[in-house]
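# Coordinate analysis (summary)
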Amino acid sequence: STADDESYSKMTVVFIDLRTGERTEFGPYPESLILPTSVSCVTSQGLMYVVNGQGDMFAFDMHERNYFIPEVAGYATIQVNSSSADGTKWVGRATGKGETMYVPLISENGTVRELPMTELNYRNEPHSMGIIARGISADGSIAYGTIWDNLDFGMVYWKDWQNGGQAEYVGKDVHVRKVEKALDSQGLEYDYYCADGMICQANRTNISPSGKWIAGSYRTWTLAENRMDAVTSQVAAFYDVETETTVIVDEYGESTGTHVTDDGIGFIGLGSLGISSGRVYDCNTRTDLGTTQEWVYDNYGIIIPNCYVTSISPDGTVVFGRYLESSAGGHMKFPGWYVAPPVAE
């Protein structure tokens, strides 16, 4: 909403109880105080982590009816990106400590620790921006993140983090580092490091409830003929953590793996930017299960618009997604939608 004189926006944070339809609102707040640009996650206990456009983060407690800035001693700022279903664990990142800009964090029952980094980055160079922990399985057993060095976005995961397990690459069976001879603006040759493998960006819901599967995209990366520009392409891919094998889905062209269930049902967004539609894919039989609309209608009996799935609740009763909405001036919005059981009487 806008202020009375329309000189600035006012923002409201909203909790929706999907069992009852009840809405709990905080605010509205003037954007000079809080500018909630996105919601990182919300726990089943009613604690919502909201990214503030002014560079920090707020946590809203639905039951205590207050909010606070999450802090961890020794770090300048932290950001919580995802939590386990019971709310006892969360993952995120911190700044202000160490040689890298970002440090991956995990918290268990209020005790925060750093997650181990890979020795080198995705392209086999020293880290320059660090790693951000992005998501955690609903049961809290497995976390994943992205290397945030320039153009990397390479996915890593921590399978045995409670016992000091090291960071491993998602899709390590298809991860290939390469060194090519590139030309700089002066025409001088230099070593250009690149890699093929699984990537994602700021996605927080790319893991199945038990952590058996992780969704992402398989990207190939090489030099153009002029040897000065990079050429990349990506298709949806799904990594089986138990067998440590990757299912690459190239039937749909440029695409992105957005979510996956423990049964290996993968959800795909068609394209890589400005995604507006999706498909559903069985990673075990490697067969197409139809469009997002067809799959939702077949399984939930509800008609939805052209869209794609971002996540499913661990019990399978609620489906979340996004669709493309064009607005005046050519701007694109991606409103969220959800399919939930009928509200209890």
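Residues numbered from 1 in each chain as written. Predicted model: local features only at pLDDT ≥ 70, side-chain atom pairs only at ≥ 80, totals over all residues. Heavy atoms only, no water.

### Brief notes about the overall build of the chain
Formally: Runs of H or I in DSSP of at least four residues are treated as helices and runs of E of at least two as strands, each being numbered from the N terminus. Two things to know: the radius of gyration comes from C-alpha atoms, and the globule rule equals 2.2 Å times the number of residues to the power 0.38. The buried label goes to any residue with under 20% of its type's maximum accessible area, the exposed label to any with over 50%, and the partly exposed label to all in between, with areas taken from a 1.4 Å probe on protein chains only. The accessible surface values rely on the Shrake-Rupley method and a 1.4 Å probe; as for residues, cover is taken only from the protein chains in view. Here the positive residues are Lys and Arg and the negative ones are Asp and Glu; neither His nor the chain ends is included. A charge is said to be at NZ when it belongs to Lys, at CZ for Arg, at CG for Asp and at CD for Glu.
Scanning the chain for helices and strands turns up 1 helix and 28 strands. Taking 2.2 N^0.38 as the reference for a compact globule, 345 residues should give roughly 20 Å; the C-alpha atoms of the chain span a radius of gyration of 21 Å, in line with that estimate. Overall size of the chain, expressed as C-alpha extent along the three principal axes, is 65 × 50 × 50 Å. Put simply, the chain has 345 residues, and 46% of those count as buried. Split by element, the accessible area of the chain, about 16,600 Å² in all, is 49% carbon and sulfur. One way to put it: in the chain the 23 positive side-chain charges average out to a point 2 Å from where the 45 negative ones average out.

### Section: unusual backbone geometry
For residues that are not glycine, phi is negative in most cases, and the peptide bond is trans in most cases. Across the junction of Gly27 and Pro28, the peptide omega takes the value 5 degrees, indicating a cis bond. Secondary-structure assignment places Pro28 in strand β2 (residues 23–30). Despite not being glycine, Arg65 shows a phi value in the positive range, around 60 degrees. Relative to the elements of secondary structure, Arg65 occurs in the loop between β5 (57–61) and β6 (66–68).

### Here's the deal with helix α1 (residues 292–300)
Counted only if it meets this: Note that the arc is computed from the directions linking the helix axis to the C-beta atoms. Only heavy atoms enter the contact rule, under which two residues are in contact if any of them lie within 4.5 Å.
Those residues of α1 lying buried are Thr292, Trp295 and Val296. Looking straight down α1, one finds its buried side chains confined to an arc of 95 degrees; they lie on one side. On its buried face, α1 sits against β21 (265–270), β22 (278–282), β23 (287–291), β24 (308–312), β25 (319–322) and β28 (336–339). Positive backbone phi, at 70 degrees, marks Gly301, one or two positions downstream of α1.

### A look at the pairing of strand β16 (residues 189–199)
Within a regular strand, side chains alternate between the sheet's two faces. Where we set the bar: When DSSP locates at least two bridges between a pair of strands, those strands are taken to pair.
In this structure, strand β15 (residues 176–183) lies alongside β16, joined through 8 bridges in antiparallel fashion. Counted as the bridge partner of Glu180 is Tyr192 from β16. Connecting β15 to the antiparallel partner β16 that follows it, the hairpin turn spans 5 residues, and Gly187 within it adopts a positive phi of roughly 80 degrees. Pairing of β16 with strand β17 (residues 213–223), which is carried by 3 bridges, proceeds in the antiparallel orientation. Pairing of Gly197 across the sheet is with Arg219, part of β17.

Function-wise, these values are silent; they only describe arrangement.
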